Amino acid sequence: MEQKNATNKNVRPAAPAAAPGEAKGGSAFAAIVIPLAIVVSIIIYMFVLGNGGNFVGGNNANAALPGNYLGIVYKGGPIVPILMSLFLLVITFSIERFLTISKAKGSKSIESFVRTIRQKLNVNDITGAIATCDQQKGSVANVVKSGLLKYQEMARERGMDKDQKVLAIQKEIEESTALELPMLEKNLVIISTIASVSTLVGLLGTVFGMIKAFSALAQAGSPDAVALAEGISEALINTAIGIAGSALAIIAYNFFTSKIDELTYSIDEAGFSIIQTFASQHGDNETYTA
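Source: prediction; values computed, not measured.

Chemist: How should I be thinking about the environment of F55 in this particular structure?
Modeler: Examined against the element boundaries, F55 turns out to sit in the loop between α1 (20–49) and α2 (69–74). Here the alpha-carbon distance between F55 and L70, two residues 15 residues apart in the chain, equals 9.3 Å. Contact partners of F55, with chain neighbours within four places excluded, come to L49, G50, N60, N62, A63, A64, L65, G71, Y74 and K75.

Chemist: Any chance you could explain the nonpolar core here in plain terms?
Modeler: Formed by 60 residues in total, the largest nonpolar core has its most connected members in F113, V144, L148, I169 and I274. Looking at this core, the elements that each hand over two or more residues are α1, α3 (79–105), α4 (110–122), α5 (126–136), α6 (138–156), α7 (162–185), α8 (188–217) and α9 (225–281). If you tally residues by element for this core, the top one is α9, at twelve residues. Excluding its chain neighbours within four sequence positions, the residues that come into contact with L148 are L121, I126, A129, I130, C133 and I274.

Chemist: What should I look at first to understand the packing of α6 against α7 in this one?
Modeler: Two quantities define a packed helix pair, namely the angle between the helix axes and the distance between the axes. Taken N-terminus to C-terminus, the directions of α6 and α7 make an angle of 160°; their axes are 9 Å apart at the nearest point. On the basis of the axis angle, α6 is roughly antiparallel to α7. As α6 packs across α7, the resulting crossing turns out to be right-handed. Of the residues in α7, those touching α6 at S139, N142, V143, S146, G147, K150, Y151 and M154 are K165, A168, I169, E172, I173, S176, T177, E180, M183 and L184. Among the residues making up the contact of α6 with α7, the classes are represented as eight nonpolar, six polar and four charged.

Rules and cut-offs
Residues numbered from 1 in each chain as written. Predicted model: local features only at pLDDT ≥ 70, side-chain atom pairs only at ≥ 80, totals over all residues. Heavy atoms only, no water. Helix = DSSP H or I, 4+ residues; strand = E, 2+ residues; numbered from the N terminus. Contact = heavy atoms within 4.5 Å. Core = buried A, V, L, I, M, F, W, Y, C linked by side-chain atoms within 4.5 Å. Buried < 20%, exposed > 50% of the residue type's maximum accessible area, 1.4 Å probe, protein only. Axes fitted to C-alpha atoms, helices over the stretch in contact; angles between N-to-C directions. Parallel < 35°, antiparallel > 145°, perpendicular 65-115°, else oblique. Left-handed = near helix turned anticlockwise from the far one by under 90°. Nonpolar A, V, L, I, M, F, W, Y, C, P; charged D, E, K, R; others polar.

Written out as structure tokens, the structure is:
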């Protein structure tokens, strides 16, 4: 079954799924972190990188001291704090996603949890499987629990045939998954956007640096060697920071999407076991005993 594409216009909460407050909380988190990262980056650029002790004569208008990388980065120009902001955002959102996805897995290994659920289902211990979900917690457990509760409800149902019951259980699992996945994928779009934007901003800084370098070459008489060197240095610094931010964002995005895929696969596996168990152990007119 395709969990990510499961949609229903009348979606209703079936288990302790992602609440509206969590979605608003995620948006508020992004709204706070983004301007905060910009402010912090500007402060670091002006008062740490631009500290006079990093430059010849104690003046940040002069060249950076030999081997002083803080002063060298400062010479990257006004694009540097923007690139630093993007870098900080990648780190911040990566930490936030790591904590969220770790919480979504639950208290124990997800593989062990799914294996326990399948063992409970094999002996038709639905109550025990639900208790396992309560102990596990997390998004996968929430979805599985909603399917198990629907399993019990359909086992007691008298007005539907087996195919309708199986479809109802499958629909319940899909709806619960549709409620949980957005919480897992929240803010990943920001990381994926930074992966592209960081390189482009770095390229913009490169262009500004090269403009400065060629302006030094275009002067009448002898070229300004200092301005030429500063222009080239600015271009390379922005390129390096932009590439570093983009590389980190790509790695983080691929890592978290792979973890979400693992959770989705676990939901699929547990959901399939629930449906198959119901189909094999309950006939059209079989009486359920709690």
